[in-house]
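# Chain and residue survey
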Amino acid sequence: MTDHCLRLLRQHRRLAELAAFPFNFDLDRAADGHVEPVRLASGGPLEVVAGCDTGGTYFVCPDGSLLYADSEGSAGIMGSSVDEALEIVIGLPGWRDCLRLTPADGEEVILAHVAEIEDEMREYHGIDTERAELRAALGLPDRSPVELVGMLHTALLRTEPDFLLLNADEGCAYDLLDPHPRPPLWESVRHEVPGDPAGQPLSTWTRLAADQGLTEHARVALIRRLDEIVMDQSELLRPGSRKDLDLSPLLILTEEFERLGDLQQAERAQHLYTALLR
């Protein structure tokens with residue numbers, strides 16, 4: 001994991017300008033920061049290194065991974081390093097329209113989809129000469145769209161649990177950039193719980209995860225559940241009732257967050273519980 005390419009972009013204005021247009025990785029926008037205060041749920045530091053013309057922001061995470069957050073509340077890992085992410089950004093300038101693709105779609109589908117996107121881009125500006133120049137200057141390989149889609153897919157699947165992005169003020173989580181399904185928490189923990197795992201309370205799995213050192217797995221599952229309730233309080237309706245709420249899940253969430261030492265999220269759950277009691 002290196003930032004060799006980032007250093008070159010910072011040292012050479014011509015390369016920085018190429019990265020900014022047509023590849024929309026603009027170092028000058030780093031000074032603007034993101035559209036709102038954000039932080040990682042894990043508590044690790046973030047460094048803003050670039051932005052794009054739609055209000056999105058590129059952050060370097062503690063392990064060197066590059067996280068992209070858009071201006072509408074979605075975020076995802078783009079690569080295990082800035083160099084890897086730039087391979088994708090430069091090699092797939094229409095990467096935002098490739099988020100649904102997976103290697104399972106096959107070469108024919110991937111190549112056709114990428115060709116369609118890039119043909120549309122060429123109607124407005126060049127990308128081929130610029131891509132060749134920037135790749136050569138940064139020392140990046142000329143990978144096929146199929147390989148780049150595979151790299152992007154792998155990176156996106158790494159977003160959770162370690163790189164979940166939160167609104168720093170409100171504590172709510174950003175959505176995932178991609179629509180790909182993630183395995184349930186119970187598949188990540190060692191257990192001998194009888195019966196259907198899907199029928200067990202979430203706290204069963206978050207406690208096992210925490211006990212097995214999978215703290216971020218537990219935290220993500222709990223935050224996602226709290227966000228669901230915040231957005232749709234009908235989740236708390238008692239069976240068969242149209243207005244009678246069962247608030248006990250909020251008390252359980254408060255307790256589980258406290259067990260993890262996540263006092264901000266515990267306070268969120270407790271605050272909603274108190275508000276709904278009135």
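These notes cover the structure that comes with them. Given the structure is predicted, the values throughout are model-derived calculations rather than measurements. Position numbers for residues start from 1 in each chain and track the written sequence from start to end. In keeping with the predicted nature of the model, local features appear solely for residues at pLDDT of at least 70, side-chain atom pairs appear and are counted solely at 80 or more, and the whole-chain, interface and lining totals rest on all residues. No hydrogens and no water enter the side-chain calculation; it runs on all heavy atoms of the structure.

### So, the pairing of strand β4 (residues 66–69)
- On β4, burial covers both faces: L66 and Y68 on one face and L67 and A69 on the other are all buried.
- Two strands qualify as a pair provided DSSP detects at least 2 bridges between them. Helix numbering and strand numbering both begin at the N terminus, where a helix is a DSSP run of H or I of at least 4 residues and a strand a DSSP run of E of at least 2. Where strand β3 (residues 57–60) hands over to β4, the hairpin turn is made up of 5 residues, of which G64 adopts a positive phi near 95°.
- Pairing of β4 with strand β5 (residues 74–79), which is carried by 4 bridges, proceeds in the antiparallel orientation. Residue pairing across strands places A69 opposite A75, the latter belonging to β5.
- Between the end of β4 and the start of β5, which pair antiparallel, lie 4 residues, with G73 showing a positive phi angle near 95°. Working definition: with a 1.4 Å probe on protein chains only, accessible area under 20% of the residue-type maximum means buried, over 50% means exposed, and in between means partly exposed.

### Brief notes about helix α1 (residues 4–11)
- Along α1, the residues classified as buried are C5, L6, L8 and L9. Viewed along the axis of α1, the buried residues span an arc of 160°, placing them on a single side of the element.
- Between two residues, a contact is recorded if the distance between any of their heavy atoms is within 4.5 Å. Summarising the contacts, the buried residues of α1 are in contact with α2 (13–20), β2 (47–51), α3 (82–91) and α5 (128–138). As used here, the arc belongs to the directions running from the helix axis to the C-beta atoms.

### Considerations on the nonpolar core
- Nonpolar cores are built from buried Ala, Val, Leu, Ile, Met, Phe, Trp, Tyr and Cys residues. Side-chain atoms within 4.5 Å join them into one set. Counting 44 residues, the largest nonpolar core has L9, F25, Y58, W95, L134 and L138 as the members making the most contacts within it.
- By residue number, the principal contributor to this core is α3, which donates 6 residues.
- Formed by 25 residues, the second largest nonpolar core is a distinct cluster that contains L164, I223, I229 and L247.

Purely geometric numbers; function is a separate question.
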